[in-house]
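A look at the structure
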Amino acid sequence: MTHGFTSVRQIVEQGYCVSCGLCSAISNGRAAMGWTAGGNYRPDTSALSDSEEKNILSLCPGINLTGPFDANSPALDPVWGKIGDVSMGWATDPETQHRSSAGGVMTAINRYLLETGQVDFVLQVAAAQDDALHSEPVMIRDPDDLLTGSQSRYAPVAPLKVIYQALDLGERFSVSLKPCDIAGVRNLQRIDGRARDLIFYTQTMFCGTTPARSETEAFFDRRDVDPASLVHMQWRGDGCPGKTKGTLPDGTIVDGPYSELWTGKWQTQFRCKICPDAVGLQADLATGDIWAGGMPTGETPGENAIIPHTDIGLQVYRGAVDAGYLHVVPLDIDAVNDSQPHHVALRRTFGTRVAATTAAGHAAPNYTNLNETALTATLTDAERDATFAGTRERVSKGQADECVDFDGFD
Ligand SMILES: Cc1cc2nc3c(=O)[nH]c(=O)nc-3n(C[C@H](O)[C@H](O)[C@H](O)COP(=O)(O)OP(=O)(O)OC[C@H]3O[C@@H](n4cnc5c(N)ncnc54)[C@H](O)[C@@H]3O)c2cc1C
């Protein structure tokens, strides 16, 4: 199967850009990433050569995504794909568990990989030097620096803009990013032997949308604080979930509840509304929160749901447990479904959502092996009709590349 897009600009204008930055890497920086008025982070598509256009069109994870449900795969979980194991776990190092987003599993695994010499560095994100609300890709070699890039950063970032710089180092590394970023890495690995050889391990989180930057700015506007004046920003962490908080130059902390960003309507990029894989089907290991019902009911020390998908994912996960970096207890996949109702809903409806965008005149993406038919068949006629009509209305109202109002997937 192939997609129906004819230009990179069309990907952006029709709302399929995920802001990963792979196009910027492919074009050697010509597709420079920049902010839109509405708080999205988008490439400049005006100066791309024909060959850059062609390469980006074939690798962009916004429009090219292949899941694990191929004809030869054994029976997989319809939502979560290949499950090597399911557990609840946390970092055994108390500081990592406390400071990280959930239980510090991603940071603890990265530490295990660095300290055992299985990788030379970790590609992840961290706060930008000159803009507390923004994030940049970082390549971390010193395990003690990993905590500078832990915690969820709930705003757009383009980590894959440095993917060729990372590969040019000729060293082995792990990638610790969002599902759409991992999809870009996988697309590259399909055509680039160097990417296959050097990227040893990929891990991701379940990702319930990337809110627009304007959502975080609004959090501070409500408190009469200029977001540009902040010297530090964290959306969660220091407990689970911890508070959303910014720090002013004089050390004053301005904070509010984690749930504020995720309650009522928020603004997000359109592609997140139709995402076929927000759960990290393609990563070696995926992890997320484990809150019954989908939202926290109080503070906890920090714990993750953990799903290794691949052989290497399982090997690294077991290695980290055996070496004492992670503490885990067995979990049933039903508990993950219960704690991620929005992801179950999105997996069941993404096929209908994508169909509605094409029915409204947008180009068709190349999404394969994602269990679309079986998941769509679980919808009632009423669910399918309402989902289709909702997405089609958004598209016909012109809501595509600019941020869209969002209030959940069901
Ligand atoms: C945009 C976003 C949406 C999320 N939605 C959900 C959800 O719907 N359900 C759920 O259970 N969990 C969600 N999470 C994940 C959750 O908040 C935790 O990040 C996850 O449980 C891992 O926790 P941890 O303590 O192991 O991570 P940590 O040890 O704190 O490490 C976090 C890792 O995530 C990477 N990271 C942080 N922000 C970004 C970003 N914007 N882009 C790319 N990489 C990033 C860091 O580089 C680091 O490697 C989301 C996270 C993000 C960033």
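Figured I'd write up the structure that's included with this text.

About the criteria used
Residues numbered from 1 in each chain as written. Predicted model: local features only at pLDDT ≥ 70, side-chain atom pairs only at ≥ 80, totals over all residues. Helix = DSSP H or I, 4+ residues; strand = E, 2+ residues; numbered from the N terminus. Core = buried A, V, L, I, M, F, W, Y, C linked by C-beta atoms within 7 Å. Buried ≥ 20, exposed ≤ 12 C-beta atoms within 10 Å, placed from the backbone. Contact = placed C-beta atoms within 7 Å. Axes fitted to C-alpha atoms, helices over the stretch in contact; angles between N-to-C directions. Parallel < 35°, antiparallel > 145°, perpendicular 65-115°, else oblique. Nonpolar A, V, L, I, M, F, W, Y, C, P; charged D, E, K, R; others polar. Near = placed C-beta within 6 Å. Left-handed = near helix turned anticlockwise from the far one by under 90°. Pairing = 2+ DSSP bridges.

**Remarks on unusual backbone geometry**
Residue Pro-241 is reached from Cys-240 by a cis peptide bond, and omega for that bond is 5°. Looking at the secondary structure, you find Pro-241 in the loop between β9 (232-234) and β10 (243-247). Positive phi, close to 70°, is recorded for Ser-19, a residue that is not glycine. With respect to the helices and strands, the residue Ser-19 is situated in the loop between α1 (8-13) and α2 (22-26). With a phi close to 60°, Asp-238 is a non-glycine residue in the positive phi region. Along the chain, Asp-238 falls in the loop between β9 and β10.

**Observations regarding the nonpolar core**
Formed by 93 residues in total, the largest nonpolar core has its most connected members in Leu-22, Val-105, Ile-109 and Ala-320. Per element, the largest residue contribution to this core is seven residues, and it comes from helix α5 (residues 105-115). For Ala-320, the contacting residues outside a window of four places in its chain are Ala-108, Ile-109, Tyr-112, Tyr-325 and Leu-326.

**A word on the packing of α5 against helix α11 (residues 311-322)**
With their axes 10 Å apart at the nearest point, α5 and α11 run at an angle of 90° to one another. As the angle between them shows, α5 and α11 are arranged roughly perpendicular. Where α5 abuts α11, its residues Ala-108, Ile-109, Tyr-112 and Leu-113 lie against Val-316, Gly-319 and Ala-320. In terms of residue class, the contact of α5 with α11 is built from six nonpolar, one polar and no charged.

**Some remarks on the site of the ligand**
Within the structure, the ligand sits among 33 residues, and Ser-100, Thr-107, Gln-124, Gly-208 and Gly-288 are positioned closest to it. Of all the secondary-structure elements, those providing two or more residues to the shell around the ligand are α5, β5 (121-128) and β13 (285-288). Considered class by class, the residues forming the shell around the ligand number eleven nonpolar, 18 polar and four charged.

**Remarks on α5**
One full turn of an α-helix is made of 3.6 residues, so residues set three or four places apart face in the same direction. With ten of its eleven residues buried, α5 lies for the most part within the structure. Every buried residue of α5 is listed here: Val-105, Met-106, Thr-107, Ala-108, Ile-109, Asn-110, Arg-111, Tyr-112, Leu-113 and Leu-114. Gly-117 sits one or two positions beyond α5 and adopts a positive phi of about 70°.

**Some details on the packing of helix α13 (residues 341-359) against helix α15 (residues 381-396)**
Axis separation between α13 and α15 bottoms out at 8 Å; the angle between their running directions is 40°. In terms of orientation, α13 and α15 fall into the oblique class. Judged by the sense of rotation from one axis to the other, the crossing of α13 with α15 is right-handed. From α13, Thr-349, Thr-352, Arg-353, Ala-355, Ala-356, Thr-357 and Ala-359 reach across to α15, where they touch Arg-384, Thr-387, Phe-388, Thr-391, Arg-392 and Val-395. The residue inventory of the contact of α13 with α15, partitioned by class, reads five nonpolar, five polar and three charged.

**Digging into the sheet that holds strand β6 (residues 131-140)**
The strand order β6-β5-β7-β8-β13-β14-β4-β15 describes an open sheet built from eight strands, whose pairing is mixed. On the outer flanks of this sheet lie β6 and β15 (326-330), each paired with one strand and no other. This sheet shows a mean twist of 30° between the axes of neighbouring strands, independent of strand direction. Two elements, β5 and strand β7 (residues 173-176), share three bridges in a ladder whose sense is parallel. Bridging across to β7, Phe-121 finds its partner in Phe-173.

**Quick notes on the sheet that holds β9**
In spatial order, the strands read β9-β10-β11; together these three strands make up an open sheet with antiparallel pairing. Whereas interior strands pair on both sides, the edge strands pair on one side only; in this sheet they are β9 and β11 (253-257). Taken pair by pair, the neighbouring strands of this sheet meet at an average axis angle of 10°, ignoring direction.

**Some thoughts on the environment of Met-139**
Mapped onto the elements of the fold, Met-139 is located in strand β6. A tally of 16 C-beta atoms within 10 Å means that Met-139 is categorised as partly exposed. In the structure, Met-139 is positioned ten residues away from Gly-149 in sequence and 9.8 Å away in space, judged by C-alpha atoms. Not counting chain neighbours up to four residues away, the residues in contact with Met-139 comprise Phe-121, Leu-123 and Ala-166.

**Points about the pairing of strand β14 (residues 304-308)**
Of all five residues in β14, five are buried; the element is thus mostly enclosed. Side-chain alternation along β14 places Asn-304, Ile-306 and Pro-308 on one buried face and Ala-305 and Ile-307 on a second face that is also buried. Direction of pairing for strand β4 (residues 87-91) relative to β14: antiparallel, over a ladder of three bridges. Residue pairing for β14: Gly-89 is matched across the bridge by Asn-304. By the bridge criterion, four bridges tie β13 to β14 in an arrangement that is antiparallel. Counted as the bridge partner of Thr-287 is Ile-306 from β14.

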